[in-house]
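Coordinate inspection notes
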Amino acid sequence: MYDKKIMPQHVAIILDGNGRWGKKHGRERTYGHKFGAANVKKIVRSAASSGIKKLTLYAFSTENWKRPKLEVKFLMTLFKEYLIEQLRELTEDNVQVHVVGDVSKLSKSLQEEIKSCENDTKNNDGLILNIAINYGGRQELIHAFRKIASDVKAGILNPSEIDEENIKDALYASDADDVDLLIRTGGEQRISNFLLWQISYSELYFTSVLWPDFDERELENAIKWFVNRNRRFGGLMVNK
């Protein structure tokens, strides 16, 4: 295992390629989503054993509502009846679960499942797992700026005092820490409105492997790639 000093502490993954995986196997896109959900627990456990402290997974973006209604309905059902239920089992692995995004747009029953899952794992002090549902990076920044503007209007904060920490504190709970390594599966090479504030100095790793096929070895490959990077942050070499 690598030295903890050079390991990525916060890893974010864009889970891309589920629908294509389903089509590749001669089935519907929803078939791929089902297998993609099943892959989450495996990768979470692998990340925890690798020494990663925080993992943020992009499960459903604010733009994903534009997909066919039947696919969206299937995903919402999957989150409620399968994904969230499976995540509860991670209590045994000491994983703390959070859902980040505008959950107010989700069904009441799914919101209740989310609260229950977060409550069940809140005392765990191992890997922090963020599941981004109805999440958008620009929307998160708007949320933060509105909160800061409200504090200024209330006299709690002076405009001249606004700094990066104020913005970070106003972002969605739990996902505000800088991301060290951003992984995107599925072959596309774009950010897709994910964690725009948090990835300012992230290393970006793109792989053609579709999410349901992204296994422990693929995660290890991404970590190996990361630890061999020279992270300078504008000048200072970090990894070497």
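Residues numbered from 1 in each chain as written. Predicted model: local features only at pLDDT ≥ 70, side-chain atom pairs only at ≥ 80, totals over all residues. Heavy atoms only, no water.

- If you check an unreviewed UniProt entry, the protein appears there as Isoprenyl transferase from Dialister micraerophilus DSM 19965.
- Check the Function (unreviewed entry) section of the UniProt entry for the protein; it says "Catalyzes the condensation of isopentenyl diphosphate (IPP) with allylic pyrophosphates generating different type of terpenoids."
- UniProt annotates the protein under Sequence similarities (unreviewed entry) with the comment "Belongs to the UPP synthase family." (UniProt positions renumbered as here; feature names shortened; annotations may be inferred.)

1. Some details on the packing of aromatic side chains
- As enumerated under the stated definition, the model contains 11 aromatic pairs in all.
- Ring geometry for Tyr58 and Tyr135: centres 5.9 Å apart, planes at 85 degrees, overall edge-to-face. Residue Tyr58 is found in strand 2 (residues 54-61), and its partner Tyr135 is found in strand 4 (residues 128-135); the two are separated by 77 residues along the sequence.
- Since its relative accessible area comes to 7%, Tyr58 is described here as buried.
- Ring geometry for Phe60 against Trp65: centres 4.9 Å apart, planes inclined by 80 degrees, an arrangement best described as edge-to-face.
- According to the relative accessible area criterion, Phe60 is buried, its value standing at 0%.
- With a relative accessible area of 35%, Trp65 lands in the partly exposed category. (Phe/Tyr/Trp six-rings, centres within 6.5 Å; stacked < 30°, edge-to-face > 60°. Helix = DSSP H or I, 4+ residues; strand = E, 2+ residues; numbered from the N terminus. Buried < 20%, exposed > 50% of the residue type's maximum accessible area, 1.4 Å probe, protein only.)

2. A word on the packing of helix 3 (residues 69-88) against helix 4 (residues 108-121)
- Two elements in contact, helix 3 and helix 4, have axes separated by 10 Å at closest approach and are oriented at 10 degrees. Comparing the axis directions of helix 3 and helix 4 gives the class roughly parallel. Taking contact as the criterion, the partners of Met76, Phe79, Lys80, Ile84, Glu85, Leu87 and Arg88 in helix 3 are, on helix 4, Ser109, Leu110, Glu113, Ile114, Ser116, Cys117 and Asp120. (Axes fitted to C-alpha atoms, helices over the stretch in contact; angles between N-to-C directions. Parallel < 35°, antiparallel > 145°, perpendicular 65-115°, else oblique. Contact = heavy atoms within 4.5 Å.)

3. A closer look at helix 3
- For helix 3, built from 20 residues, the straight-helix expectation of 28 Å at 1.5 Å per residue is met to within 8% by its first-to-last C-alpha distance of 28 Å.
- If you look at helix 3, its biggest bend is around 45 degrees, right at Phe79.
- Of the positions making up helix 3, those classed as buried are Glu71, Val72, Leu75, Met76, Leu78, Phe79, Leu83, Ile84 and Leu87.
- Check the buried side of helix 3 and you find it contacts helix 2 (29-50), strand 2, strand 3 (96-100), helix 4 and strand 4. (Expected span 1.5 Å × (residues − 1). Bend = angle between axes of the 7 residues up to and from the residue.)

4. Focus: the side chain of Asn193
- Within the fold, Asn193 resides in the loop between strand 5 (181-184) and strand 6 (203-206).
- Residue class for Asn193 comes out buried when judged on its relative accessible area of 13%.
- Among the polar contacts listed, one links the side chain of Asn193 to the backbone nitrogen of Arg138, at a separation of 2.9 Å.
- Ignoring sequence-local partners within four residues, the contact set of Asn193 consists of Tyr58, Thr62, Glu63, Tyr135, Gly136, Gly137, Arg138 and Gln139. (Polar contact = N/O pair within 3.5 Å; in protein donor to acceptor, adjacent residues only side chain to side chain.)

5. Quick look at the nonpolar core
- In this structure, Ile13, Leu55, Leu87, Leu129 and Ile183 are the most contacted members of the largest nonpolar core, which totals 44 residues.
- A per-element tally of this core places helix 3 first, with eight residues.
- If we skip the residues at most four places from it in the chain, Leu87 touches Val40, Val97, Cys117, Leu129 and Ile131. (Core = buried A, V, L, I, M, F, W, Y, C linked by side-chain atoms within 4.5 Å.)

6. Examining a negative patch on the surface
- Side chains of Glu161, Asp163, Glu164, Glu165, Asp169 and Asp178 sit close together on the surface and give a patch of like negative charge.
- Within the fold, Glu161 resides in the loop between helix 5 (137-153) and helix 6 (164-170).
- The partly exposed category is assigned to Glu161, whose relative accessible area is 46%. (Patch = residues over 30% accessible without salt bridge, like charges linked within 9 Å, V, L, I, M, F, W, Y side chains within 5 Å. Areas by Shrake-Rupley, 256 points an atom, 1.4 Å probe, with all protein chains shown as cover. Salt bridge = Lys/Arg side-chain N within 4 Å of Asp/Glu carboxyl O. Lys, Arg positive; Asp, Glu negative; His and termini not counted. Charge placed at Lys NZ, Arg CZ, Asp CG, Glu CD.)

7. Re the pairing of strand 1 (residues 10-14)
- Burial analysis of strand 1 places five of its five residues in the buried class, which makes it a mostly covered element.
- In strand 1, alternate side chains face the same way, and those of His10, Ala12 and Ile14 on one face and Val11 and Ile13 on the other are all buried.
- Direction of pairing for strand 1 relative to strand 5: parallel, over a ladder of four bridges. In the sheet register, Ile13 faces strand 5, and the bridge partner there is Ile183. (Pairing = 2+ DSSP bridges.)

8. Notes on the pairing of strand 2
- In terms of burial, strand 2 is a largely internal element, seven of the eight residues being buried.
- Sheet topology note: the strand 1/strand 2 ladder contains five bridges and is parallel. Within the sheet, the bridge partner assigned to His10 lies in strand 2 and is Lys54.
- Pairing analysis gives seven bridges linking strand 2 to strand 4, with the strands arranged parallel. Residue pairing in the sheet places Ser61 in a bridge with Tyr135 of strand 4.

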